[in-house]
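# Analysis of the macromolecular model
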Amino acid sequence: MLLTPFYKLTLKMVGLIVAIVIACRLTQDYAMVLITMVGVFYSLSNQRGKALVIYLIFPFLGFFNPLILPHTPAFAMFSRLGTLAMTGALLIASVRSPGKERIPLGGLYFFMIVAVISSLQGWFPMISFLKLANFLVFISGIYIGTRNLHHRPHDIVLLRATFMALSFILVFGSVATLPFPAISYITSLKYYIQEGGIAYAEALFESNESAQIALFAGITNHSQFLAPALVCINVWVLCDMLLIEKKIEKAHLALLGVCPLLIFMTRSRIGFFGYAASLAFVYTFTLPKSALSGRARARLSGWMFALLILLIVWAVTFEVREQTISRWLRKTEEVQTDQRSLKEALTDSRQGTIELCMSEFRRSPLLGSGFQVLEVHRAQYERGEISLFSAPLEKGILPLMVLGETGILGATVFGIFLVAFVLGCLKSKYIATLTLFSCLLMTNMGEATFFSPSGGGGVLWMLTAVGGFLIDMSNVVERRMGTARAGLRAQFGFTGAR
């Protein structure tokens, strides 16, 4: 079968991304300097498609499996400075792109103003301000860089090929790691690799204890990152097939068939619930708006329903035989001795973060306790355990995190932003953007990465906000071309179909 021009371009982008990964590995990440310079050049010369390709690849590089792409301490600096430089360059170039087509993210800027006010009386204002600046730069790059993409059809095709290439790399690259447990199960075997090396870890995995070590990470650095990324990729591929291809494609089906299997292997509960919710979002928002023929749409609906039935039958069968679902949801192999209720088992791992968010809210109900900081950060900084630029935190559920960090005022403004985002998407007919952004919010119900562009959130933002918007812009281009053709036919008196 001959490859179409789009898939030829996709293969070229696969080769480019692999080449960048190899270059970073061989140069201990110093290749990032050259990549950044190229990205800035593309931005200033108004080649936004190529600039956004680099902007898109940056966050993906940060989450490659360390056995595939080890990162030096300099990587974080190169990545952040590169993002900052490219955002500035995109801002300078954006004045040459008039129009009103943009992702409806304006409400987030009002929320960030509230977050600044909250952080002034928070746990550690300086860390909060630096994290706000990091998020502001990242979001501004997305907001500015994608504005009025409908003027650039060739850039849309290039970006779409890049997203497809990243999907192939993440999905089938992860499948390719299966013969190498030390790589594919690094989430579980990281400690043993550090203790005894790769051979020791693989021998342990192949022993009888392997049942206890089953968190699949593929080519990424953690199973809890791979699962939500796969959920978002699954939805992006579905939206691309329904709204752009407008027919059932074998390459798309290959990705859609493998994604749920890999999600199950991660043993991520948010991956399970996110996948189920994402199918509901596609069925509700995207499928009714697709241009598939009536027969193809009915066939796809039938397949989705059949997939749901097969998943239920599979789950029941393996639950009866091996209690697979119970072990997965409870995160334990000793189901018989686990005295917790299912609700307790599902919430245990997040109970500490829930209580943390609520204690921050009780400290200051109106304004919260500061953007993306913890009470312990001050003491850790004084002991030299963290710096102003590296203050990690883990907070489980996005709504509670917003409430704890910015209080009632911040939660209200964030809620207004969400309503405005939905209404903006509906008004502008951004169906893919709405569908994918809903998935982004859903994946943040387990581990809140919404405001962490350097902590997994950057990749998910790219897959959902940018990925969805470029699909919608492709449809804008198609609608405008159709309108132009209709105008020409009317002008020259051609009223019939051709």
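This text goes with the structure placed above it.
In this report, the structure presented in the accompanying data block is examined. In this text the structure is predicted, and so the values were computed from the model without any measurement. (Residues numbered from 1 in each chain as written. Predicted model: local features only at pLDDT ≥ 70, side-chain atom pairs only at ≥ 80, totals over all residues. Heavy atoms only, no water.)

### A short note on the overall build of the protein chain
Secondary structure summary: the protein chain contains 20 helices and zero strands in total. Residue burial in the protein chain is summarised as follows: out of 498 residues, 51% are buried. Sequence separation of at least 24 residues holds for 78% of the intrachain contacts in the protein chain that already meet a minimum separation of 6. For the protein chain, the computed accessible surface area is about 22700 Å², with 67% contributed by carbon and sulfur atoms. (Helix = DSSP H or I, 4+ residues; strand = E, 2+ residues; numbered from the N terminus. Buried < 20%, exposed > 50% of the residue type's maximum accessible area, 1.4 Å probe, protein only. Contact = heavy atoms within 4.5 Å. Areas by Shrake-Rupley, 256 points an atom, 1.4 Å probe, with all protein chains shown as cover.)

### A word on unusual backbone geometry
At Lys-246, a position not held by glycine, the phi torsion is positive, near 60°. By secondary structure assignment, the location of Lys-246 is in the loop between helix 11 (223-245) and helix 12 (250-266). Residues other than glycine seldom take positive phi values, yet Arg-267 does so here, at roughly 55°. Tracing the backbone through its elements, the reader meets Arg-267 in the loop between helix 12 and helix 13 (269-286). Classification of Arg-267 by relative accessible area gives buried; the value is 13%.

### Focus: helix 2 (residues 31-44)
Across its 14 residues, helix 2 extends 20 Å between first and last C-alpha, which sits within 8% of the 20 Å expected from 1.5 Å per residue. Listed as buried for helix 2 are Ala-31, Met-32, Ile-35, Thr-36, Gly-39 and Ser-43. In a view along the axis of helix 2, the buried residues occupy a sector of 135°, so they form one face of it. Across helix 2 from its buried face, at more than 90 degrees, point the exposed residues Leu-34, Met-37 and Phe-41. Looking one or two residues past helix 2, Asn-46 carries a phi angle of roughly 65°, positive in sign. (Expected span 1.5 Å × (residues − 1). Arc of directions from axis to C-beta.)

### What to know about a nonpolar patch on the surface
Together, Val-419, Val-422, Leu-423 and Leu-426 make up an exposed nonpolar region whose accessible area comes to about 350 Å². Checked against the element boundaries, Leu-426 lands in helix 18 (residues 398-428). (Patch = residues over 30% accessible without salt bridge, like charges linked within 9 Å, V, L, I, M, F, W, Y side chains within 5 Å. Salt bridge = Lys/Arg side-chain N within 4 Å of Asp/Glu carboxyl O.)

### Examining the packing of aromatic side chains
In the structure shown here, the tally under the stated rule is 27 aromatic pairs. With 5.4 Å between their ring centres and 90° between their planes, Tyr-430 and Phe-469 make a pair best called edge-to-face. Of this pair, Tyr-430 sits in the loop between helix 18 and helix 19 (431-443) while Phe-469 sits in helix 20 (residues 457-491), placing them 39 residues apart in sequence. By the burial criterion, Tyr-430 is buried, and Phe-469 matches it. Measuring from ring centre to ring centre gives 4.9 Å for Phe-450 and Phe-451, while their planes differ by 75°; the resulting arrangement is edge-to-face. Each residue in the set Phe-111, Phe-135, Phe-371, Phe-414, Phe-417, Phe-421, Phe-437, Phe-450, Phe-451 and Trp-461 is aromatic and connected to the rest through ring pairs, giving one cluster. Over the ring of Trp-123 we find Arg-363; its NZ or CZ atom is 4.3 Å from the centre of that ring. One Lys or Arg, Arg-378, reaches over the ring of Phe-124 and ends 4.0 Å from the middle of that ring. (Phe/Tyr/Trp six-rings, centres within 6.5 Å; stacked < 30°, edge-to-face > 60°. Lys NZ or Arg CZ within 6 Å of the ring centre and 35° of its normal.)

### A short note on the packing of helix 7 (residues 153-176) against helix 12
Viewed as axis vectors pointing N to C, helix 7 and helix 12 meet at an angle of 45°, and their least axial separation amounts to 10 Å. The angle between helix 7 and helix 12 places the two elements in the oblique class. As for the relative orientation of helix 7 and helix 12, their crossing is left-handed in sense. When helix 7 is examined against helix 12, the residues Met-164, Ser-167, Phe-168, Val-171, Phe-172, Ser-174 and Val-175 are found in contact with a partner set consisting of Ala-251, His-252, Ala-254, Leu-255, Val-258, Cys-259 and Leu-262. Along the lines of polarity and charge, the residues of the contact of helix 7 with helix 12 split into 11 nonpolar, three polar and no charged. (Axes fitted to C-alpha atoms, helices over the stretch in contact; angles between N-to-C directions. Parallel < 35°, antiparallel > 145°, perpendicular 65-115°, else oblique. Left-handed = near helix turned anticlockwise from the far one by under 90°. Nonpolar A, V, L, I, M, F, W, Y, C, P; charged D, E, K, R; others polar.)

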